[in-house]
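Structure assessment
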Amino acid sequence: MRELASHVWPRGAERGGAGELMLGGVDVRDLAQEFGTPLFVLDEADVRSRARAFRDAYADAGASWVFYAAKAFLSVAVARWVHEEGLGIDVASGGELAVAMRAGVPGEALLMHGNNKSMAEVQMAVEYGVGRIVIDSFEEIARVAEAAAQAGVVQQVLVRATVGVEAHTHEYIATAHEDQKFGLSASGGAVEEAVRRIAKLPSLTLVGLHSHIGSQIFDAAGFEVAAARVVALAQRIYDEQGIEIEELNLGGGMGIAYLDSDDPLDVQEMAGQIGDIVAKACAEYGITAPRLAFEPGRAIVGPAGVTLYEVGTIKPVELDHGQVRTYVSVDGGMSDNIRTALYGADYTITLASRVSEAEPMLCRVVGKHCESGDVVVRDAWLPGDLAPGDLLAVAATGAYCRSMASNYNYLPRPAVVAVADGGAREIVRRETVEDLLGLDVAT
Ligand SMILES: *Cc1c(COP(=O)(O)O)cnc(C)c1O
């Protein structure tokens, strides 16, 4: 129970002399004391090393850009870290763009997504010089063209193609059509039509095609069908319109380990396999291999983040077969981690403030919200002497936890603290009830 699986916990995680969890050389008890709980802790060296690993491995595989998918978690500090390590940033709203701008990330390193970008967001992107805007609908072609013409620039765009592949962990489903809101159909002629329209607009220039097939993917199999379909599409576009697709952005979705038993392909291997898959498809369809681009989010920040909670109440509940399940309530919950309730996600949790030799007990770690579905970890073995005031740490919460956080029950959202070389600094401060009351303008 006290062991920290190295593929689940941040690279700088270890146990100190009293069994306390140390992150980036900092005792989590000190973090809780100084910054309060619940608390998101992000290991800076871990984020940086993953960003570097992606940049290097995917450059070797033929990528000219790796864009960090900001929606996983974005703050000014994180934007700077990943950009300093050679990554661009994929933003999907004016708000995410504003963070990247404040971090000083230059436009050429940015790419903008979104299936319903507002005119204001498009204008903001064009005016800042965002290097690539990914076209997601026919309406948007006109909008981006107009914004670029107004700004007196030629905007580089990609067209997002949906290829009928949905990939998740070890499984993927390939269909002829894609029943979802993103992009334009690769099979029904919509992408070709978009390319035709873009070619006629002097304020737009097409640089490539985009395809994103899913999330939490553990192997390259799903990319195989997707890449073949996008490459076939590129060949049709070349044959019919004489337009060469120079850049192929295959999106993100590279999976991480949440549990000891999770075993995603390592970065280097995944990159190599995807590179080979694209090269093979290009050879097969007789097209020049395009530059590649990728957009990992979870795999950059997910494993680097840990959530600290304080135990508040402990309630043994007798089950049907005389078994006991102990409900352990912590001081956060679905407002800082919605993934368990939303996707049935599983997490690794450990006693973080001390060591215990007590017999383990079966626990359900729950939040403090007014919902029975407010679960942090469904089934966890924690020491039988667990007590109020103990600190619990949940691993791999760096992605899609703070970024999806809410104020349910009027809970202020937790701070995010960066740890590095034995020091800690707040990079996003804790919200206060005053912050929230400031939004309520009734008199
Ligand atoms: C969500 C998303 C990503 C990042 O996905 P991860 O699973 O975090 O790697 C990349 N590109 C697009 C278009 C996305 O929607």
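Thresholds, definitions, all that
- Residues numbered from 1 in each chain as written.
- Predicted model: local features only at pLDDT ≥ 70, side-chain atom pairs only at ≥ 80, totals over all residues.
- Heavy atoms only, no water.
- Helix = DSSP H or I, 4+ residues; strand = E, 2+ residues; numbered from the N terminus.
- Contact = heavy atoms within 4.5 Å.
- Buried < 20%, exposed > 50% of the residue type's maximum accessible area, 1.4 Å probe, protein only.
- Near = heavy atom within 4 Å.
- Polar contact = N/O pair within 3.5 Å; in protein donor to acceptor, adjacent residues only side chain to side chain.
- Nonpolar A, V, L, I, M, F, W, Y, C, P; charged D, E, K, R; others polar.
- Phe/Tyr/Trp six-rings, centres within 6.5 Å; stacked < 30°, edge-to-face > 60°.
- Right-handed = clockwise from strand over helix to strand, strands pointing away.
- Pairing = 2+ DSSP bridges.
- Patch = residues over 30% accessible without salt bridge, like charges linked within 9 Å, V, L, I, M, F, W, Y side chains within 5 Å.
- Areas by Shrake-Rupley, 256 points an atom, 1.4 Å probe, with all protein chains shown as cover.
- Salt bridge = Lys/Arg side-chain N within 4 Å of Asp/Glu carboxyl O.
- Core = buried A, V, L, I, M, F, W, Y, C linked by side-chain atoms within 4.5 Å.
- Domains from an automatic or database assignment.
- Buried area = accessible area lost by both parts, 1.4 Å probe.

1. Here we look at the environment of Val355
Among the secondary structure elements, Val355 is positioned in the loop between β19 (349–351) and β20 (360–366). Remark: the alpha-carbon pair of Val355 and Gly19, spanning 336 residues in sequence, is separated by 4.4 Å. Excluding its chain neighbours within four sequence positions, the residues that come into contact with Val355 are Arg2, Ala18 and Gly19.

2. Here we look at unusual backbone geometry
Most peptide bonds are trans, and most residues other than glycine sit at a negative phi. The omega torsion across Thr37 and Pro38 is -10°, close enough to zero to call that bond cis. Of note, Pro38 is situated in the loop between α1 (28–35) and β4 (39–43). One non-glycine residue, Tyr400, adopts positive backbone phi at about 60°. Relative to the elements of secondary structure, Tyr400 occurs in the loop between β22 (391–395) and β23 (415–420). Under the relative-accessibility criterion, Tyr400 is labelled buried at 12%.

3. Section: the site of the ligand
Lining the immediate surroundings of the ligand are 15 residues, of which Lys71, Ser215, Glu295, Arg298 and Tyr400 lie closest. The separation between an oxygen atom of the ligand and a polar side-chain atom of Ser215 is 2.4 Å. In terms of residue class, the shell around the ligand is built from three nonpolar, seven polar and five charged.

4. With respect to the packing of aromatic side chains
As enumerated under the stated definition, the model contains four aromatic pairs in all. Here the aromatic rings of Trp65 and Phe67 are separated by 5.1 Å at their centres, their planes lie at 15°, and the arrangement is stacked. In this structure Phe67 comes out as buried when scored by relative accessible area, which is 0%. When the centroid spacing of 5.2 Å and the interplanar angle of 80° are considered together, the rings of Tyr258 and Tyr347 count as edge-to-face. Note that Tyr258 is positioned in the loop between β15 (247–249) and α9 (267–285) and Tyr347 in the loop between α11 (339–343) and β19, a separation of 89 residues in sequence. By relative accessible area, which is 5% here, Tyr258 ends up buried.

5. Here's the deal with the pairing of strand β8 (residues 132–135)
Along β8, one buried face is formed by Arg132 and Val134 and the opposite face, lined by Ile133 and Ile135, is buried too. Where the polypeptide runs from strand β7 (residues 110–112) across helix α5 (residues 119–128) and back to β8, its parallel neighbour, the crossover connection is right-handed. Across three bridges, β8 lies against strand β9 (residues 155–162) in parallel orientation. The residue of β9 that forms the bridge with Ile135 is Val159. Considered for its hand, the β-α-β crossover made up of β8, helix α6 (residues 138–151) and β9 is right-handed.

6. Thoughts on a nonpolar patch on the surface
Side chains of Leu342, Tyr343 and Met404 sit close together on the surface and give an oily, nonpolar patch of about 300 Å² of accessible area. Along the chain, Leu342 falls in helix α11.

7. So, the pattern of salt bridges
With the rule as written, the count across this model stands at 23 salt bridges. Of the charged contacts, one joins Glu431 and Arg413 as a salt bridge, the two residues approaching to 2.8 Å between their closest N and O atoms. Taken together, the residues span a long stretch of sequence, with Glu431 in the loop between β24 (423–428) and α12 (433–437) and Arg413 in the loop between β22 and β23 at a distance of 18 residues. Judged by its relative accessible area of 15%, Glu431 falls in the buried class. Residues joined in a network through salt bridges with shared partners are Glu44, Arg48, Arg52, Glu84, Glu85 and Arg425.

8. Here's the deal with the sheet that holds strand β3 (residues 26–27)
The strand order across the open sheet formed by three strands is β1-β2-β3, and the pairing between neighbours is antiparallel. One side of each edge strand has no neighbouring strand; the edge strands of this open sheet are β1 (14–15) and β3. Two strands pair when backbone bridges link them, and strand β2 (residues 21–23) and β3 are joined in this way by two bridges, in the antiparallel orientation. Each residue of the ladder has a partner; that of Leu23, found in β3, is Val26.

9. Here we look at the nonpolar core
With 113 residues, the main nonpolar core has Tyr58, Leu209 and Val365 as its most contacted residues. For this core, the element with the highest residue contribution is helix α8 (residues 221–241), accounting for eight residues. When we break this core down by domain, the ones giving at least three residues each are domain 1 (13–36 + 304–437) and domain 2 (44–299). Those residues within four positions of Tyr58 in sequence are excluded, and the remaining contacts are Ala63, Val66, Met254, Val267, Met270, Ala271, Ile274 and Phe294. Residues Val26, Val28, Ala32 and Phe35 belong to the second largest nonpolar core, which totals 24 residues.

10. Comments concerning the domain arrangement of the protein chain
Here the protein chain is described as being made up of domain 1 (13–36 + 304–437) and domain 2 (44–299). A separation of 34 Å is found between the C-alpha centroids of domain 1 and domain 2. With both chains or domains summed, domain 1 and domain 2 bury close to 1,400 Å², and 61% of this area falls on carbon and sulfur atoms. When the buried area of domain 1 at its contact with domain 2 is split by residue, Ala304, Tyr400 and Ile427 rank highest and sum to 33% of it. Summed over the shared surface of domain 1 and domain 2, the number is one salt bridge. Linking Glu44 and Arg425 is a salt bridge whose minimum nitrogen-to-oxygen distance equals 3.4 Å. Counting the contacts that link domain 1 with domain 2 gives six residue pairs in polar contact (both at pLDDT 80 or more). Sorting the residues of the side of domain 1 that touches domain 2 by element identifies β23 and β24 as the ones contributing at least two each.

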